[in-house]
Amino acid sequence: MVERTAQIISNERDTDAYFRLVLRAPEIARATQPGQFLHLRIPPLREALLRRPFSIFQANGETVSVLYKTIGKGTDALARMGAGEELSAIGPLGHGFTVPARGGETPLLVAGGYGMAAMYLLAERSPQKGMVFVGGRRRVDILCEAEFRKLGWEVRATTEDGSYGEKGMVTQSLLAELKRDSGKRKLFACGPTAMLKAVAKIADEFKVPAEISMDEHMCCGVGVCLTCVIPVKTASGWEYQRTCTEGPVFDSREVMWEVAR
Amino acid sequence: MKCGMRNGERESPKMNLSVSIGKLTLQNPVMVASGTFGYGAEYARLLDLNQLGAVVVKGIRLSPVRGNPTPRTAEVTSGMLNAIGLQGPGVDGFIEKYWSFLKSLRVPAIINIWGTTVEEYAEVARRFGDLGGVGALELNVSCPNIKEGGAQFGTDPKLLARVVAACRKVTTLPLITKLSPNVTSVVPYALVAEAEGSDALSITNSFPAMAIDIESRRPKLANVTGGLTGPCIKPIAIKLVWDARRAVKIPIIGMGGIQCAADAIEFLLAGANAVAIGTANFYEPQTALAVIAGIQDYLKCHDITDIRELTGAVRLS
Ligand SMILES: Cc1cc2nc3c(=O)[nH]c(=O)nc-3n(C[C@H](O)[C@H](O)[C@H](O)COP(=O)(O)OP(=O)(O)OC[C@H]3O[C@@H](n4cnc5c(N)ncnc54)[C@H](O)[C@@H]3O)c2cc1C
Ligand SMILES: Cc1cc2nc3c(=O)[nH]c(=O)nc-3n(C[C@H](O)[C@H](O)[C@H](O)COP(=O)(O)O)c2cc1C
Ligand code: FES
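Residues numbered from 1 in each chain as written. Chains lettered and ligands numbered in written order. Predicted model: local features only at pLDDT ≥ 70, side-chain atom pairs only at ≥ 80, totals over all residues. Heavy atoms only, no water.

Undergrad: Would you mind showing me how to read the site of ligand 2 here?
TA: Residue and element names in this part refer to chain B. Not every one of the 22 residues close to ligand 2 is listed here, only the nearest: Ser34, Asn112, Lys178, Gly257 and Thr279. Within the contact set of ligand 2, an oxygen atom lies 3.1 Å away from a backbone nitrogen or oxygen of Gly59. With the chains in place, 98% of the 610 Å² that ligand 2 exposes on its own is no longer accessible. (Near = heavy atom within 4 Å. Polar contact = N/O pair within 3.5 Å; in protein donor to acceptor, adjacent residues only side chain to side chain. Areas by Shrake-Rupley, 256 points an atom, 1.4 Å probe, with all protein chains shown as cover.)

Undergrad: Quick question: what am I supposed to make of the packing of aromatic side chains here?
TA: The geometry of two aromatic rings is summed up by the distance between their centres and the angle between their planes. Summed over all chains, the structure comprises 13 aromatic pairs over all chains. Ring centres of Phe94 of chain B and Phe128 of chain B lie 5.6 Å apart, and the angle between their planes is 75°; on these two criteria the pair is classed as edge-to-face. Of this pair, Phe94 of chain B sits in helix H1 (residues 90-104) while Phe128 of chain B sits in helix H2 (residues 118-131), placing them 34 residues apart in sequence. Across the pair, exposure class does not vary: Phe94 of chain B and Phe128 of chain B are buried alike. Against the face of Trp238 of chain A rests Arg66 of chain B, its NZ or CZ located 3.5 Å from the ring centre. Over the face of the ring belonging to Tyr240 of chain A we find Arg72 of chain B, whose NZ or CZ atom lies 4.7 Å from the ring centre. (Phe/Tyr/Trp six-rings, centres within 6.5 Å; stacked < 30°, edge-to-face > 60°. Helix = DSSP H or I, 4+ residues; strand = E, 2+ residues; numbered from the N terminus. Buried < 20%, exposed > 50% of the residue type's maximum accessible area, 1.4 Å probe, protein only. Lys NZ or Arg CZ within 6 Å of the ring centre and 35° of its normal.)

Undergrad: Sorry, what's going on with the site of ligand 1 here?
TA: Around ligand 1 sit 18 residues, and of these Pro53, Leu67, Lys69, Gly74 and Thr75 of chain A come closest. With respect to ligand 1, its neighbouring residues span chains A and B. A distance of 2.6 Å separates an oxygen atom of ligand 1 from a polar atom in the backbone of Pro53 of chain A. Here Gly72 of chain A contributes a backbone N or O atom positioned 3.2 Å from an oxygen atom of ligand 1. In isolation ligand 1 has 820 Å² of accessible area, and contact with the protein removes 87% of it. Those elements giving two or more residues to the shell around ligand 1 turn out to be strand E4 (52-55), strand E6 (63-69) and helix H2 (73-79) of chain A. No other element matches the four residues that E4 of chain A contributes to the shell around ligand 1. Split into classes, the residues belonging to the shell around ligand 1 amount to seven nonpolar, five polar and six charged. Looking at which domains feed residues into the shell around ligand 1, each of domain 1 (2-93) and domain 2 (106-254) of chain A supplies at least three. (Nonpolar A, V, L, I, M, F, W, Y, C, P; charged D, E, K, R; others polar. Domains from an automatic or database assignment.)

Undergrad: Looking at this structure, how should I read helix H6 (residues 193-206) of chain A?
TA: Residues and elements named next belong to chain A. Spanning 14 residues, H6 covers 20 Å between terminal C-alpha atoms, matching the ideal 20 Å at 1.5 Å per step. Met195, Leu196, Val199, Ala200, Ile202, Ala203 and Phe206 are the residues of H6 that are buried. End-on view of H6: buried residues confined to an arc of 165°, all on one side of the axis. In H6, the exposed positions that point more than 90 degrees away from the buried face belong to Ala194, Lys201, Asp204 and Glu205. Packed against the buried residues of H6 are strand E8 (106-112), helix H5 (170-180), strand E12 (185-190) and strand E13 (210-213). Among the residues trailing H6, Lys207 stands out with phi positive, at a value near 55°. (Expected span 1.5 Å × (residues − 1). Arc of directions from axis to C-beta. Contact = heavy atoms within 4.5 Å.)

Undergrad: Can you walk me through the domain arrangement of chain A in this structure?
TA: Reports often express the size of an interface as the amount of accessible area lost when the parts come together. Residue and element names in this part refer to chain A. Examined at the domain level, chain A breaks down into domain 1 (2-93) and domain 2 (106-254). Each of domain 1 and domain 2 has a C-alpha centre, and these two points are 21 Å apart. Tallying the contact residues gives 23 residues for domain 1 and 22 residues for domain 2. Summed over both partners, the interface of domain 1 with domain 2 comes to about 2,000 Å²; 60% of that surface belongs to carbon and sulfur atoms. It is Tyr18, Pro34 and Phe57 that lose the most area in domain 1 upon contact with domain 2, and together they represent 25% of the buried surface on that side. Where domain 1 meets domain 2, there are two salt bridges. Measuring nitrogen to oxygen at the nearest pair gives 3.0 Å for the salt bridge that ties Asp16 to Arg138. The set of elements that each furnish at least two residues to the side of domain 1 that touches domain 2 consists of strand E2 (18-24), strand E3 (37-41), E4, strand E5 (58-60), E6 and strand E7 (86-93). (Buried area = accessible area lost by both parts, 1.4 Å probe. Salt bridge = Lys/Arg side-chain N within 4 Å of Asp/Glu carboxyl O.)

Below, the structure written as structure tokens:
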């Protein structure tokens, strides 16, 4: 983990409200593991002080990139920044996904929204190819599908309005696949909490392991403030653990879903 | 700073940056505030902790504390709300997991402690006194996010007197009483703490506050209310330090929204002997180090050789 001033190489619109930000940050790029994130200070923000967390989408040699959706003042201000400008990045942060081993379980990735970006490195570094189940409200919410296909992964898209792929929820197509064959499978998921909850339930039902990436509001990103916690089971009950440090990736069986919001 | 400085001009053999809190001497007056720096180890990868005046750890009571449900934070204009609920490992958990690292630092560790009864405060104080190697104890009588304990001790002078006296009895460690801003006047509390043997005051803790999401109409914090911190509280904190300075002789550690050396110097001029960096650590972990360097530049620019000259040096006429 380092704090570096990173220069923006490019910051361009992907689809609709999604942007791709590429930063020059060699030390961060070299150290990145799949599922880890960056904590970015967005300099145009004056009265909004806190950094914003973003999953690392790709890490190539000298650069790291982020795929983000503009949803508020921080991401809006970020979208207005251009090549050559600088921002402060802390990273790589957090405990990421376990990269599948050759000959081990077949990885099934389940993604909603920018969850696709959070799992790209996992697919890239996995010696074992698998399938990606990606869901969104509309066609524009299905991100970086081509990149996953290029890696040789099968992608099954679902949209709630039926404008692309199958109509429905991403968990329906996951269910269909597990009903077909659930032997030697492992789930990896990143997306809205409701989706993660549903994935955890499916994992339980089919007795397959699942690693899920949880989002919480973060202040420090490095483990000191205790704002980013989720309830996690322990030998004697449960405790709050930090999504920025023990997470964002947790074993779905460890999460106390009854208490999680 | 107003005057131009060249690199390397900062160090001056005659410049004194060190300040005292009771029998504890700090190499410089800049610490990091409780709850914004974990137990020290987390930030050690991003900055050299041995450059700091002191490290103040997250509040600890006797037994482990689970803390509040989430969301525990909300960003507001020039600040933030938090309602952590003093999550922590308890005295034993702290000693087992974090003490060996803190002990290995060359700068003092100040332990922020709290309890739900006067007896618990005293017991925690005794445990840390017996531990050996602790720099000082900061009595948190002002956490706004705990239903029982915390703030009630900071808003009742009689209870405050009992807490300070009980801790004073069981330990010779320097005691710092961290006052609540949630009172009509901070002066009676400052006086009580001084009279009962507190070696210093910390001013201020966070301000009780609230934010609402207008779409869902729900409070932004699960705890409904929380503590407001960051640059938005700085002018109020400066006034609290100024009020207390005129009432007591003991050292004051000023905090509330410090982002740069100029902010820290303002606290010193209002009457603080030292300062602590809180919320700013979250967005700029290097803040404390930048503040130390900036204070040195200021002293040099103004031909001041001893930082202690700044304390309370605001000019009223
Ligand atoms: C580990 C992690 C990885 C993430 N990865 C991505 C990613 O790859 N792409 C992407 O588009 N988004 C990602 N997010 C969500 C992203 O952090 C938020 O969209 C962003 O912080 C919103 O900032 P804002 O100022 O635009 O929104 P505002 O609503 O104006 O922000 C107000 C405050 O709420 C916080 N906040 C708002 N939404 C979220 C959220 N969903 N999660 C955490 N904090 C939030 C902000 O950080 C800020 O402190 C990730 C979040 C986490 C925790
Ligand atoms: C997330 C968070 C947790 C805190 N936890 C504690 C604590 O455990 N004990 C305490 O005395 N003060 C605690 N504080 C208060 C700070 O130590 C400090 O008094 C306050 O934040 C004002 O300074 P600032 O505006 O620079 O942050 C906490 C503040 C924040 C933001
Ligand atoms: S964001 Fe501060 S502890 Fe996780």
